[in-house]
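Per-entry structural report
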Amino acid sequence: MNIEESPETAPDPQEADDEIRGRKGPLAFRTISEVADELKVPQHVLRFWETRFEQVRPLKRGGGRRYYRPEDVDLLRRIATLLYVKGYTIKGVQRVLREKGPEGLEEEVSGKAAEASVSDTVSAPEVSQLQDEVPPVTPVVQPEPQIVTVTVRDEQLESEHDRMRKSLEDILHRLAEVKASLTVD
């Protein structure tokens, strides 16, 4: 007797992929698709960030496949938080990286840098006095992150397309000549 699986019991390929990804160790390298899924950004955004942040350098293997180390993923997570949650611009994140390095991003993300700078410049009694004078701050609702499409020109790919286009035009021209010779007879 043959028992067929019902649609409810059939394994979902997406769940299987998530389960496999979940089984990777914390020190395992991640592919660009795994990192993009984890950070909830498109893959092209990660490639774009590579061009803007010199600290983002995944390992590239044959065929241009990217593999991200755990520290790369942490850096990308901090960059995404500053850009999408804290409202930094790309130039702002670049400035923080230039001035404080990747460790400075953690301070910016957690807000420790602002707290340290206030406590360094104002004495403790002044801080408590200032806190009494300042009205409570209402939380600001951050807008949803926007997906930005970036077009990257690949000259090698464009030249390949040009060669293919010329070849197809040549074939089309020959077919037109064959059609013309067939209709003449």
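First things first, this report covers the structure right here in the doc. Here the structure is a predicted model, which is why all the values come from computation and not from measurement.

Quick word on the overall build of the chain
- What the chain contains, in helices and strands, is 8 helices and 3 strands.
- Reading the helices (α) and strands (β) of the chain from amino to carboxyl end gives α-β-α-α-β-β-α-α-α-α-α.
- Nonlocal contacts in the chain, meaning residues at least 24 apart in sequence, comprise 49% of its contacts between residues at least 6 apart.
- For the chain, the accessible surface area stands at approximately 14,600 Å², while carbon and sulfur atoms represent 55% of it.

Notes on a nonpolar patch on the surface
- Taken together, the side chains of L168, I171 and L175 make up a nonpolar region of the molecular surface, amounting to roughly 300 Å² of accessible area.
- By secondary structure assignment, the location of L175 is in helix α8 (residues 155-184).
- Assessed through its relative accessible area of 53%, L175 is described here as exposed.

Concerning the packing of helix α4 (residues 70-85) against helix α5 (residues 90-110)
- Two numbers describe how α4 lies on α5: the axes approach to 10 Å, and their chain directions differ by 120°. In this view, α4 runs oblique relative to α5, as classed from their interaxial angle. Once α4 is placed against α5, the crossing between them reads as right-handed. When α4 is examined against α5, the residues L75, R78, I79, T81, L82 and L83 are found in contact with a partner set consisting of I90, V93, L97, P102, L105, E106, E108 and V109.
- Here the contact of α4 with α5 is built from residues that sort into 10 nonpolar, 1 polar and 3 charged.

Notes on the packing of aromatic side chains
- What the rule picks out here adds up to 1 aromatic pair.
- When the ring of W49 is compared with that of Y84, the centres are 6.2 Å apart and the planes differ by 40°; the resulting orientation is tilted. On the criterion of sequence distance, the pair formed by W49 in helix α3 (residues 43-52) and Y84 in helix α4 is long-range, its members being 35 residues apart.
- Looking at W49, the relative accessible area reads 2%, which means it is buried.

Cut-off values and rules
Residues numbered from 1 in each chain as written. Predicted model: local features only at pLDDT ≥ 70, side-chain atom pairs only at ≥ 80, totals over all residues. Heavy atoms only, no water. Helix = DSSP H or I, 4+ residues; strand = E, 2+ residues; numbered from the N terminus. Contact = heavy atoms within 4.5 Å. Areas by Shrake-Rupley, 256 points an atom, 1.4 Å probe, with all protein chains shown as cover. Patch = residues over 30% accessible without salt bridge, like charges linked within 9 Å, V, L, I, M, F, W, Y side chains within 5 Å. Salt bridge = Lys/Arg side-chain N within 4 Å of Asp/Glu carboxyl O. Buried < 20%, exposed > 50% of the residue type's maximum accessible area, 1.4 Å probe, protein only. Axes fitted to C-alpha atoms, helices over the stretch in contact; angles between N-to-C directions. Parallel < 35°, antiparallel > 145°, perpendicular 65-115°, else oblique. Left-handed = near helix turned anticlockwise from the far one by under 90°. Nonpolar A, V, L, I, M, F, W, Y, C, P; charged D, E, K, R; others polar. Phe/Tyr/Trp six-rings, centres within 6.5 Å; stacked < 30°, edge-to-face > 60°.

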